[in-house]
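# Observations on the three-dimensional arrangement
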Amino acid sequence: MNITRERYQELQHQIRDHDHAYYTLDNPTISDHEYDSLFQELLSIETDNPLWISPESPSQRVGVKPESDFSTFKHYKSMLSLANAFNDKDIFDFHERTLKNLTDAKKLQYFCEPKMDGAAVSLIYEDGILVRGVTRGDGSVGEDITSNIRTIKSIPLILKESRKPFPRLIEIRGEIFIRKAAFKRLNQLAEQEGQKIFANPRNAAAGSLRQLDPMITNVRPLDFFAHGVGACEGVSFLVLDEVFDTFAGWGLPINKLNAMVDSIDDCLQYFKDIEATRDQIPFDIDGVVFKVASLELQADLGEIARSPRWAIAHKFAAEEAVTTIENIEFQVGRTGILTPVAKLTSVNVGGVNVSKCTLHNMDELKRLDPRVGDEAVIKRAGDVIPKMIRVIPAAGVRGSVVLAPKFCPSCNSKVFINFQTDWLIVNSANEPIKKFSSLYEANLYLSDHPHRELQIKEIKISSPFIKCSGRNLCPEIIQGKFTHFVSRKAMDIDGLGQEILDSLISKKFIQEYADIYSLNKHRLELEGLERFGKKSVDNLIESIKKSAQVDLFRFLFALGIEEVGETTARNLASHLHDFKTISQASFDELLAIPDIGPRVASKIKDYFDDEENQRQLTNILPHLDLILPSAISTQGSRLSGLHIAITGKLILMPRDELKELLIQKGAKITSTVSKKTNVLIAGENAGSKLIKANELDVKIITEDQIGNFLNDA
Ligand code: IVH
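The structure contained in this document is the topic of the report that follows. (Residues numbered from 1 in each chain as written. Predicted model: local features only at pLDDT ≥ 70, side-chain atom pairs only at ≥ 80, totals over all residues. Heavy atoms only, no water.)

### Thoughts on the sheet that holds strand E10 (residues 285-292)
As a general point, the strands of a sheet are linked pairwise by backbone hydrogen bonds and lie either parallel or antiparallel. With mixed pairing, five strands are arranged side by side in an open sheet as E2-E13-E10-E3-E9. Two strands close off the open sheet at either side, each with one partner strand: strand E2 (84-85) and strand E9 (259-261). Examined bridge by bridge, strand E3 (residues 110-116) and E9 share three bridges and lie antiparallel to one another. Bridge pairing in E9 places Phe111 opposite Met260. (Pairing = 2+ DSSP bridges. Helix = DSSP H or I, 4+ residues; strand = E, 2+ residues; numbered from the N terminus.)

Encoded structure:
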């Protein structure tokens, strides 16, 4: 048999199996993106070979027959699907096609809507009374879920009277969904009660609708938006915005983000606007839908096989993708912790190429059990760190199980076992955004991203994590340590990017901190380095020289002492005043400092008790000119002891500088607004903190009032 034909039959078979798993069992076995590409392949073979198409082809029907105890109901008018577009060209082609099909149209108005990622339903109202709720099913026959639909509070049981009379019969088409925040609560509750966790809001919504016991559906936070009309008797409409206005008048929930536009260019702008704010939208959407606004033109255009000719879904780039695991490595961080990382065949996920993905810790590694040669489902959304959701084991003989290494992959030293706490920033859907090893840094990130619904979550790694014992011998630890040392918030040395630093370390020009301050001894060799001309060497030497005059707290922070973030470093400096006192402080003296507990105190003590650290410090100190905490007493300042929060975008002064000034004057900067907050400094576009401050009657000052505020202090 011809190869394409064989492939065509195999595709039909695969898609049928996936439809069954997805639609009937609510248990998809592949990602949406993977399914979409199988379907696209099938459609393209059918376009090239129209004679092969049989009525059994998945393209010739919309879903699969329901398999359940609900009774079935035949839709008066079929529930169609939407054709997909993935880029601007697809949209322009759609527009051209539509104009061509409508011989006399020159311009078209479109109705734009977010594409809800939920479960489609049809609500039948007779003379304004809800008589039936039906799932989409295979598009022509669905399941009668009326008693479940009736439990959804946003769906009116009787329509409200409005200007338009009630039709004798109308099928209101729309989407049942769960909001991100409600989904989070639902899963938290499920976790507490030891029940199954839902994979995503869509699965939770679809699963809830198919509960045989409406009492269960009743406690699920389901919501609804109407997005279309099926059969309709006794009322007519001219344009879509009239339909939606009427729906709203009847008390049906309508998405506020819907918009009527005058051109296809406006449609593309709508897509961009929605995509840019997607993170802040309180429910999941997977694209937007453009519909020809005139119902008369819709009727003229009609439909083909699966979808209406008058509408198209402009999908966001896939947020989930499947790729092959090429290797699993252990990366060594600056503190020596070994993190398992999967190296992947590069794949585009949500518009970004992903070629590696952290597996976080040994627990996660054990849970996922990824092996070389397996496939993995990778997910990311917005700026969310790529996450491995699931592993699809390779067919046949799989690679071997990945075990914790006994020796460091970088320096071959023995590894040992330890425990740690990390701080994870999550968004409102509880998806990970960024991980920090100090709470302070996590708070700093939060205050730099004031408009987003983010929060900090503490993750205690309950299982042991592994750490390299090589310390100053391990190249990875050394590299991480120097990268941190020269970074902006530490010694702030320009011109020592990753590549140059690597090369200087491997040439042994830099083996300890003091070596950085003797780099001018190696000028000639430096100028010989690739992509490192005389000018860059001059700049580097200048930047190193400048960095030698440094605030005591910055230098302490730069040392990368475990558990010593910027705040602790500041506290050490302001309470113990000079380097010698700090380095010789006893455990009890350290404990007496605010914010320093026994764990941090012992880390600091360990650091300064270590002979190798002492040797390196003795070498570097003569190069530095440490600026001790200012002698200005904060006692007299009006800001002394005040809790100040900052929010919004500052125009006149960088946020770091403002913080510095306030701290110098004795204020305590907090990342959240609470009853304890005395003042909130609000920049542009201030969001939830401003609302909270208003609620709590906290004094609010705007950016242009800062000058007076500081002068008065
Ligand atoms: S219009 C014939 N509008 O997407 C037009 N559909 O692939 C079909 N969907 O099953 C519906 N948001 O449930 C329309 N704003 C929206 C939508 C939307 C989500 C779903 C719908 C349908 C699927 C079509």
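### Side note on the site of the ligand
Taken together, 14 residues form the shell around the ligand, and within it Leu82, Glu113, Met116, Ala120 and Glu175 come nearest. Side-chain polar atom of Lys291 to a nitrogen atom of the ligand: 3.1 Å apart, as the coordinates give it. Protein chains shield 86% of the accessible area of the ligand, which is 510 Å² for the free molecule. Counting residues per element, the ones that place at least two in the shell around the ligand are E3 and E10. Sorting elements by how many residues they give to the shell around the ligand places E3 first, with four residues. Here the residues of the shell around the ligand are counted per class, giving seven nonpolar, two polar and five charged. (Near = heavy atom within 4 Å. Polar contact = N/O pair within 3.5 Å; in protein donor to acceptor, adjacent residues only side chain to side chain. Areas by Shrake-Rupley, 256 points an atom, 1.4 Å probe, with all protein chains shown as cover. Nonpolar A, V, L, I, M, F, W, Y, C, P; charged D, E, K, R; others polar.)

### Let's talk about the packing of helix H3 (residues 88-101) against helix H9 (residues 264-276)
H9 packs onto H3 with a crossing angle of 150 degrees between their chain directions and a minimal axis gap of 10 Å. The angle between the axes of H3 and H9 places the two elements in the roughly antiparallel class. At the point where H3 passes H9, the crossing takes the right-handed sense. Here Asp88, Ile91, Phe92 and His95 of H3 come into contact with H9, specifically with Ile264, Asp265 and Leu268. Looking at the contact of H3 with H9 residue by residue, the classes come out as four nonpolar, one polar and two charged. (Axes fitted to C-alpha atoms, helices over the stretch in contact; angles between N-to-C directions. Parallel < 35°, antiparallel > 145°, perpendicular 65-115°, else oblique. Left-handed = near helix turned anticlockwise from the far one by under 90°. Contact = heavy atoms within 4.5 Å.)

### Observations concerning the sheet that holds strand E7 (residues 169-177)
The antiparallel open sheet is built from four strands, whose spatial order is E5-E4-E7-E8. Where the open sheet ends on each side, the last strands, each with one partner, are strand E5 (129-135) and strand E8 (223-233). Each adjacent strand pair in this sheet contributes to an overall mean axis angle of 25 degrees, direction not counted. Each of E7 and E8 touches helix H8 (residues 240-249); the most contacted strand, E8, lies at about 115 degrees to it.

### A short note on the environment of Asp17
Within the secondary structure layout, Asp17 lies in helix H1 (residues 3-24). Sequence spacing of Asp17 and Phe111 is 94 residues, and the spatial spacing of their C-alpha atoms is 35 Å.

### Observations concerning the side chain of His484
With respect to the helices and strands, the residue His484 is situated in helix H13 (residues 475-486). Residue classification places His484 among the buried residues on the basis of a relative accessible area of 11%. Setting aside residues no more than four positions away along its own chain, His484 makes contact with Arg334, Ala490, Phe557, Ala558 and Gly560. (Buried < 20%, exposed > 50% of the residue type's maximum accessible area, 1.4 Å probe, protein only.)

### As for a nonpolar patch on the surface
The grouping of Ile129, Val131, Leu157 and Ile158 at the surface amounts to a nonpolar patch, some 330 Å² of accessible area in total. Its location among the elements puts Ile129 in strand E5. Look at Ile129 and you get partly exposed, because its relative accessible area is 44%. (Patch = residues over 30% accessible without salt bridge, like charges linked within 9 Å, V, L, I, M, F, W, Y side chains within 5 Å. Salt bridge = Lys/Arg side-chain N within 4 Å of Asp/Glu carboxyl O.)

### Points about the pairing of E7
Across the nine residues of E7, nine count as buried, placing the element largely inside the fold. Here strand E4 (residues 119-126) runs beside E7; their pairing, made up of eight bridges, is antiparallel. Each residue of the ladder has a partner; that of Ile124, found in E7, is Glu171. As paired elements, E7 and E8 share eight bridges and run antiparallel to each other. Across the sheet, Leu169 pairs through a bridge with Glu233, a residue of E8.

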